[in-house]
Amino acid sequence: IKDKLARSERLATVGQLVASVAHEVGTPLHSIAWHVEALAEEPGVTPEMQKRIGIIEEQLNRVVRIIQDLLSSTRQRKPEPTWYPAERLIEPVIALMEPGYHAKGVALHSEVAPALLAWADAEKIHQVLVNLLTNALAATGTGGQVTVTVAMRPASADERERAACTGRSDLDTVVMLVVADSGCGMPRENLERAFQPFFTTKAIGKGTGLGLFLSREAVVAHGGQLTLESELGTGTTVTVVLPGMPSESAAT
Ligand code: ADP
Ligand code: MG
């Protein structure tokens, strides 16, 4: 299972890389296409030039098609959330990460409030939690600790509004998944950059700089939010907020 996860993470990462390169390349391509078209309409274009412009346009269209195919083949699957028991979001991830934590001598604790449902695509949220726990482990030295806490609270006005945008106008409760580490923390100037794609402070081959970027994208696509607080030398706390409800009311 660990190999499978590592593989799916690598594939997702390659996909994201291709997608973002394709996206970046798309912008100058469109500019070239636009200028070539304008050039063809300039006065004094000879038939010979017209023919060459035609060839450029044809080849450009080919490149654009290739890029579009690449983009559509690698686009991330959209989350398909359901009401999912919060403890079942956490337990498999803890079980998966525990050996790595144990090997490094970092304690991994979880405190999950019972009878909570989160509006979650379990596969996506598992991946988010694996990303966060991988980051926390990397930042925390032997003897340190990482805690995963799950709790419920009333939704803020802001959160209700965001949930309404994803078709959930009935939201009055949210579930918070909090990953707190006692690790190295982050300098202030890295706090905002941490969410940029490809921002990493890790050695080449160790980090992709996509974990937080993809995690935030996935959570936002659920109608939720992912935020990070960090103090250098003290630790980092990442909070995932998802629409939630107590499980007694699941039937309604
Ligand atoms: P990666 O882990 O591949 O570097 P991420 O997007 O997961 O990419 O994280 C980006 C950067 O944010 C990391 O390289 C690290 O500098 C910083 N970071 C993320 N999580 C933590 C954490 N829990 N503690 C300290 N720094 C962190
Ligand atoms: Mg990471």
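Described in the following lines is the structure provided in the data block. (Residues numbered from 1 in each chain as written. Chains lettered and ligands numbered in written order. Predicted model: local features only at pLDDT ≥ 70, side-chain atom pairs only at ≥ 80, totals over all residues.)

## Considering the overall build of the chain
Consideration 1: Regarding its fold elements, the chain presents 7 helices and 7 strands.
Consideration 2: Counted from the first residue to the last, the chain has its helices and strands arranged as α-α-β-α-β-β-α-β-α-β-α-α-β-β.
Consideration 3: Taken over 252 residues, the chain has a buried fraction of 26%.
Consideration 4: Nonlocal contacts in the chain, meaning residues at least 24 apart in sequence, comprise 75% of its contacts between residues at least 6 apart. (Helix = DSSP H or I, 4+ residues; strand = E, 2+ residues; numbered from the N terminus. Buried ≥ 20, exposed ≤ 12 C-beta atoms within 10 Å, placed from the backbone. Contact = placed C-beta atoms within 7 Å.)

## Overview of helix α5 (residues 157-165)
Consideration 1: Listed in full, the buried residues belonging to α5 are E159, R162 and A163. Buried positions in α5, seen along its axis, are confined to an arc of 100° and lie on one side of it. Of the residues in α5, the exposed ones pointing more than 90 degrees away from the buried face are A157, E161 and C165.
Consideration 2: In this structure, the buried side of α5 is in contact with β5 (173-181) and β7 (235-246). (Arc of directions from axis to C-beta.)

## A few points about the pairing of strand β4 (residues 145-154)
Consideration 1: The sheet contact formed by strand β2 (residues 107-112) and β4 spans 6 bridges and is parallel. Within the sheet, the bridge partner assigned to H109 lies in β4 and is T147.
Consideration 2: Across 9 bridges, the pairing between β4 and β5 is antiparallel. Along β5, the bridge assignment pairs M152 with V175. (Pairing = 2+ DSSP bridges.)

## What about the nonpolar core?
Consideration 1: Core analysis: the largest hydrophobic core is formed by 37 residues, its most contacted members being A86, A118, L129, L133, V175 and L242.
Consideration 2: For this core, the elements supplying multiple residues, two or more each, are α3 (86-104), β3 (116-120), α4 (122-139), β4, β5, α7 (211-221) and β7. (Core = buried A, V, L, I, M, F, W, Y, C linked by C-beta atoms within 7 Å.)

## Description of the environment of H109
Consideration 1: Its place among the elements puts H109 in strand β2.
Consideration 2: When the C-alpha atoms of H109 and M97 are compared, they prove to be 11 Å apart, with 12 residues separating the residues in sequence.
Consideration 3: Not counting the four nearest positions on each side in its chain, H109 is found in contact with Q145 and T147.

## A word on the site of ligand 1
Consideration 1: In the neighbourhood of ligand 1, 23 residues make up the surrounding shell, with N135, A139, T200, G207 and G211 lying closest.
Consideration 2: Contributions of two or more residues to the shell around ligand 1 are made by α4 and α7.
Consideration 3: Within the shell around ligand 1, the residues separate by chemical class into 9 nonpolar, 12 polar and 2 charged. (Near = placed C-beta within 6 Å. Nonpolar A, V, L, I, M, F, W, Y, C, P; charged D, E, K, R; others polar.)

## Examining the packing of α4 against α7
Consideration 1: Their axes nearest at 9 Å, the elements α4 and α7 cross at an angle of 150°. Both α4 and α7 take part in a crossing whose hand is left-handed. Where α4 abuts α7, its residues K124, V128, N131, L132, T134 and N135 lie against G211, S215, A218 and V219.
Consideration 2: Partitioning the contact of α4 with α7 into residue classes produces 4 nonpolar, 5 polar and 1 charged. (Axes fitted to C-alpha atoms, helices over the stretch in contact; angles between N-to-C directions. Left-handed = near helix turned anticlockwise from the far one by under 90°.)

## Focus: the pairing of β3
Consideration 1: Within β3, 5 of the 5 residues are buried, leaving the element largely enclosed by the surrounding structure.
Consideration 2: The alternating pattern of β3 places L116, A118 and A120 on one face and L117 and W119 on the opposite face, and all of these are buried.
Consideration 3: With 4 bridges connecting them, strand β1 (residues 82-85) and β3 associate as antiparallel partners. Each bridged residue has a counterpart across the sheet, and for T82 the counterpart in β3 is A120.

## Section: the environment of T134
Consideration 1: By the element assignment, T134 lies in helix α4.
Consideration 2: Along the primary structure T134 and G211 are separated by 77 residues, whereas in three dimensions their C-alpha atoms are 9.2 Å apart.

## Observations regarding α3
Consideration 1: In a regular helix each residue adds 1.5 Å, so 19 residues correspond to 27 Å; α3 covers 27 Å between its end C-alpha atoms and thus fits that length.
Consideration 2: Along α3, the helix axis deviates most sharply at M97, where the bend reaches about 40°; the proline P99 sits within four residues downstream.
Consideration 3: Every buried residue of α3 is accounted for by A86, L89, I90, V93 and M97.
Consideration 4: Looking at the packing, one finds that the buried side of α3 touches β1, β2, β3, α4, β4 and β5. (Expected span 1.5 Å × (residues − 1). Bend = angle between axes of the 7 residues up to and from the residue.)

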